[in-house]
Amino acid sequence: MIFVGEGALLRRAVSHAAARGHRVDLVCSPDPLDAAAAGPGTAHLAAPDVNAGAADLAAACTDGIVWSVNNRQIFRAPVLSLGLRIVNVHNGLLPQHRGLPSAAVVFALLRGDTEYGATVHEVDAGIDTGPVLAEHRFPIGPADRFHEVMLRGVRACQALFERTLPAVTAGERPPAVPPRPPAAAGYYGRRALARLGEHRDSPSFARATDLGAFAAHAPEVAEALHRVRP
């Protein structure tokens, strides 16, 4: 299997997969140490554009599975035409929290959402639109702040990856997600953050923008806040 992404969450996923005896063929990330988490000699590809490395992915993958973990890149042709099963671990519930997880958390708090979580889904040609395989939900309390929800989302991503890994590698589908009332779809990216100033007077603005330790890991939100605050 191949892993695409970056950061501690990716590294923990790579390490967990290797520890469970799964072959890690290639890790695509900015840091070679992410590949080393699977063991010495694991192949690493520093690809600013994973789609430009399609030939490398096709040549390396031995089981047809690509995991996308804490991945900010969007899969497009020719990767989507390789016949690989690409599975994404998304920090947020789908379809209501599509896009940048950091932006989704901000607007989930501004909207007064009472739930957040993580989702594992198949990747298709859209952005966070592929079939949902599994989800991990948790409640948002009335006083919860950005950094608290974001951290719980990260932990939910790791737990969900570990839970779904056996089924995905066996070519099976995880147990069906319990049916729930349809949720309104939402997409949150740079355009949504550009309108953050419109919510300055919201009673939830302070907690929705309290980045805490995530200030360095949510540059788009930090930049939007810099424009909002005098």
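Quick note: structure is the one above.
Just so you know, these numbers come straight off a predicted model, no measurement behind them.

Attention now moves to the overall build of the protein. Looking only at helices and strands, the protein features 8 helices and 9 strands. Computed over its C-alpha atoms, the radius of gyration of the protein comes to 18 Å, within 12% of the 17 Å expected for a compact globule of 230 residues. Across its three principal directions, the C-alpha atoms of the protein cover 55 × 40 × 30 Å. For the protein, with 230 residues in total, the buried portion stands at 49%. Taking contacts inside the protein between residues at least 6 apart in sequence as the whole, the part at least 24 apart equals 66%. For the protein, the accessible surface area stands at approximately 10900 Å², while carbon and sulfur atoms represent 55% of it. Within the protein, one finds 23 positive and 22 negative side-chain charges whose respective centroids are separated by 4 Å.

Bringing the sheet that holds strand S4 (residues 65–69) into the picture now. The 7 strands are arranged S3-S2-S1-S4-S5-S7-S8 in an open sheet whose pairing can be described as mixed. The sheet terminates laterally at strand S3 (44–45) and strand S8 (132–139), the two strands that pair on one side only. Contacts from helix H5 (residues 146–169) reach strand S1 (2–5), S4, strand S5 (85–91), strand S7 (115–122) and S8, with the element oriented near 150° to S8.

Tallied over the entire structure, the rule returns 12 salt bridges. For Asp 25, the salt bridge is made with Arg 23, and the minimal N-O distance between the two is 2.9 Å. Judged by its relative accessible area of 60%, Arg 23 falls in the exposed class. Taking the shortest distance from any N to any O, the salt bridge between Arg 111 and Asp 113 comes out at 2.4 Å. Given the relative accessible area of 40%, Arg 111 is considered partly exposed.

Take Glu 220: it is sitting in helix H8 (residues 219–228). We classify Glu 220 as buried; its relative accessible area is 7%. Note: C-alpha distance between Glu 220 and Thr 62 (158 residues apart in sequence) is 36 Å. The residues touching Glu 220, leaving out its near neighbours within four places in the chain, are Arg 72, Leu 100, Ser 102, Arg 190 and Leu 193.

So, on to the nonpolar core. One recurring pattern in soluble globular proteins: nonpolar side chains tend to sit buried together. The biggest cluster of nonpolar side chains holds 53 residues, and the ones touching the most others in it are Phe 3, Trp 67 and Leu 196. Top contributing element to this core by residue count: H5, with 10 residues. Apart from residues lying up to four places away in sequence, Phe 3 is in contact with Leu 10, Ala 13, Val 14, Ala 17, Val 24, Leu 26, Val 27, Cys 28, Trp 67, Val 69 and Phe 161. Membership of the second largest hydrophobic core comes to 16 residues, among which are Ile 2, Val 50, Ala 54 and Leu 57.

Attention now moves to the packing of aromatic side chains. Taken as a whole and assessed by the stated rule, the structure comprises 4 aromatic pairs. Relative to Tyr 188, the ring of Phe 107 lies with its centre 5.3 Å away and its plane at 15°, an arrangement referred to as stacked. With Phe 107 in helix H4 (residues 101–111) and Tyr 188 in strand S9 (residues 187–188), this residue pair connects regions lying 81 residues apart in the sequence. With respect to class, Phe 107 is no different from Tyr 188; both count as buried. By the ring-pair criterion, three or more aromatic residues cluster together here, those being Phe 3, Trp 67 and Phe 161.

The next subject is H4. Counting buried positions over the 11 residues of H4 gives 9, a clear majority of the element. Residues of H4 that are buried include every one of Ser 102, Ala 103, Ala 104, Val 105, Val 106, Phe 107, Ala 108, Leu 109 and Leu 110, and no others. Those residues of H4 that are buried are in contact with S7, H5, S9, helix H6 (190–194), helix H7 (205–208) and H8. Backbone geometry just after H4 places Gly 112 at a positive phi near 80°.

A few words now on the packing of helix H1 (residues 7–19) against H5. Helix-helix packing: each pair is described by the crossing angle between the helix axes and the interaxial distance. As a packed pair, H1 and H5 sit with axes 10 Å apart at the nearest point and diverge in direction by 25°. With respect to their mutual orientation, H1 and H5 come out roughly parallel. In this structure, H1 crosses over H5, and the sense of that crossing is right-handed. Contacts from Leu 9, Arg 12, Ala 13, His 16 and Ala 17 in H1 reach Val 154, Cys 157, Gln 158, Phe 161, Glu 162 and Leu 165 in H5. Of the residues assigned to the contact of H1 with H5, the class counts are 7 nonpolar, 2 polar and 2 charged.

Rules and cut-offs
Residues numbered from 1 in each chain as written. Predicted model: local features only at pLDDT ≥ 70, side-chain atom pairs only at ≥ 80, totals over all residues. Heavy atoms only, no water. Helix = DSSP H or I, 4+ residues; strand = E, 2+ residues; numbered from the N terminus. Rg over C-alpha atoms; globule rule 2.2 N^0.38 Å. Buried < 20%, exposed > 50% of the residue type's maximum accessible area, 1.4 Å probe, protein only. Contact = heavy atoms within 4.5 Å. Areas by Shrake-Rupley, 256 points an atom, 1.4 Å probe, with all protein chains shown as cover. Lys, Arg positive; Asp, Glu negative; His and termini not counted. Charge placed at Lys NZ, Arg CZ, Asp CG, Glu CD. Pairing = 2+ DSSP bridges. Axes fitted to C-alpha atoms, helices over the stretch in contact; angles between N-to-C directions. Salt bridge = Lys/Arg side-chain N within 4 Å of Asp/Glu carboxyl O. Core = buried A, V, L, I, M, F, W, Y, C linked by side-chain atoms within 4.5 Å. Phe/Tyr/Trp six-rings, centres within 6.5 Å; stacked < 30°, edge-to-face > 60°. Parallel < 35°, antiparallel > 145°, perpendicular 65-115°, else oblique. Left-handed = near helix turned anticlockwise from the far one by under 90°. Nonpolar A, V, L, I, M, F, W, Y, C, P; charged D, E, K, R; others polar.

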